[in-house]
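Structure assessment
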Amino acid sequence: MQLLETLFRVCEILPNDYDASQASTVKSTTVTSLSGPSVADSLAESENTSFQPQIVWLRCVCLSVVVILVVGGITRLTGSGLSMVDWRPIAGILPPITENQWNEVFQMYQTSPEYQKVNKGMSLSDFKFIFFWEYLHRILGRIVGLLCLIPYVYFLVRGKLSPRMKAFGLTLIALVIVQGLMGWYMVKSGLVNNPEVSQYRLAAHLSLAFSVFGLAWWMMLSLRMGTPPARNPRARWVRPWVLGFLGLLCAQIAYGAFVSGMKAGYGYNTFPMMGDEWKPEALFGLTPYWKNFFEDKFSVQFIHRWMGTALTAGLLLLGWRAFKSGVLSKIQKVRMKWVLGLVGFQFLLGVSTILLILEYQVSLPVIHQLVALFLFAALLGLVHSLSGHPDRESD
């Protein structure tokens, strides 16, 4: 729970130097003061009580995505993702209970390529373990869908959503539906002769999960802020760079899925060199050449490790320049510090995962993926704080 509280602080950015006297106009509400030219903007961002129910809804959506991301990572890394060989969105809610039901489900799994080629001779108790993780993952997917749909319909009927939030909410529901369909489409790719899911579909599945979280996160940021404050013209040059690094992070996350899907992390477990070479000769040997970027597993690992290095170095350099120039507002400084701290921690986690993956095959990759989500949230928060109202600029 401490990690989740930290995640929300990335969004809220509540500095510790709060002056309670500035909040006397907000009845029964504790807010955080942001010292600067506009106390009104600070109060608007700290608390917007008229949208509090919608904010709680979106927080729950974000929290549910965090949970399902962790469970999905465990499901993938424990080899549990192909344990359920059918997809029943309604009837599949209840798990097997009686011994006969378990035997029936186990017999279905025994006909699958994964059992025949990978888990031949698996006991029923071992099957129950992998079934549990895939079942939990699917149930959580339904919960995420309901958390998006039911409150949205409620707020829509009550007239509590602006036209912009109506469109965002519909997009959120559409993303969740596509995410569910993509999940089954991904599983189907492993229920064939080769019992491995497609790395392309895995990357799409993970990217859609981040998209659901990102949209809900952005909606919550906007509701907390209320009326957009004036844009900071001195920091105008920072925003395109942050957007560029956000795009690079999205590519890096997708490449992380490629690494996982092809089990590319189980080789060249040294850093910064790959074995005794900076670039092994065997890399980028596929034809046509573009396949090396998606289908040669150690070329993909090479790209993933150096893209992460470039992302870390670039963000640290950007942060240094932004702080040195003194162009950031107080909230932008705090959010930039979160970004820099998280990207540094994520880089260390990535290196640790390369070096120690054989000893910590589940825990390290799951934490690495989770911190990627935190960094994604922090960058979105920074972009949001750099946006402001397009038609107004602060002095």
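The sections below set out a description of the structure shown in this document.

Things to note about the overall build of the chain
Broken down by element type, the chain carries 12 helices and 2 strands. In the chain, the succession of helices and strands from N to C terminus is α-α-α-α-α-α-α-α-β-α-α-α-α-β. Split into buried and exposed, the 395 residues of the chain put 49% on the buried side. For the chain, restricting intrachain contacts to residue pairs at least 6 apart in sequence, the fraction spanning at least 24 positions comes to 78%. When the accessible surface of the chain is totalled, it reaches about 19100 Å², and 65% of it is carbon and sulfur.

Re the nonpolar core
In this structure, Phe-213 and Val-238 are the most contacted members of the largest nonpolar core, which totals 94 residues. Every element with two or more residues in this core is listed here: α3 (52-77), α6 (124-157), α7 (163-188), α8 (199-225), α9 (238-261), α10 (297-325), α11 (330-356) and α12 (363-387). Listed in part, the 13 residues of the second largest apolar core include Trp-102, Phe-106, Met-122 and Tyr-135.

Examining the side chain of Ser-64
Relative to the helices and strands, Ser-64 is located in helix α3. Taking relative accessible area as the criterion, Ser-64 reaches 9% and is therefore assigned buried. In contact with Ser-64, not counting residues within four places along its chain, are Val-144 and Leu-147.

Examining the packing of α3 against α12
Put simply, α3 and α12 touch, their axes get as near as 9 Å, and they point 150° apart. As judged from the angle between their axes, α3 and α12 are roughly antiparallel. In this structure, the crossing between α3 and α12 has a hand that is right-handed. Residues Val-66, Leu-69, Val-70, Gly-73, Ile-74 and Leu-77 of α3 pack against Pro-365, Val-366, Gln-369, Leu-370 and Leu-373 of α12.

Comments concerning the side chain of Ser-299
Take Ser-299: it is sitting in helix α10. By relative accessible area, Ser-299 is classed as buried at 0%. Dropping the residues within four chain positions of it, Ser-299 is found in contact with Leu-283, Phe-284 and Asn-292.

Procedures and definitions
- Residues numbered from 1 in each chain as written.
- Predicted model: local features only at pLDDT ≥ 70, side-chain atom pairs only at ≥ 80, totals over all residues.
- Heavy atoms only, no water.
- Helix = DSSP H or I, 4+ residues; strand = E, 2+ residues; numbered from the N terminus.
- Buried < 20%, exposed > 50% of the residue type's maximum accessible area, 1.4 Å probe, protein only.
- Contact = heavy atoms within 4.5 Å.
- Areas by Shrake-Rupley, 256 points an atom, 1.4 Å probe, with all protein chains shown as cover.
- Core = buried A, V, L, I, M, F, W, Y, C linked by side-chain atoms within 4.5 Å.
- Axes fitted to C-alpha atoms, helices over the stretch in contact; angles between N-to-C directions.
- Parallel < 35°, antiparallel > 145°, perpendicular 65-115°, else oblique.
- Left-handed = near helix turned anticlockwise from the far one by under 90°.

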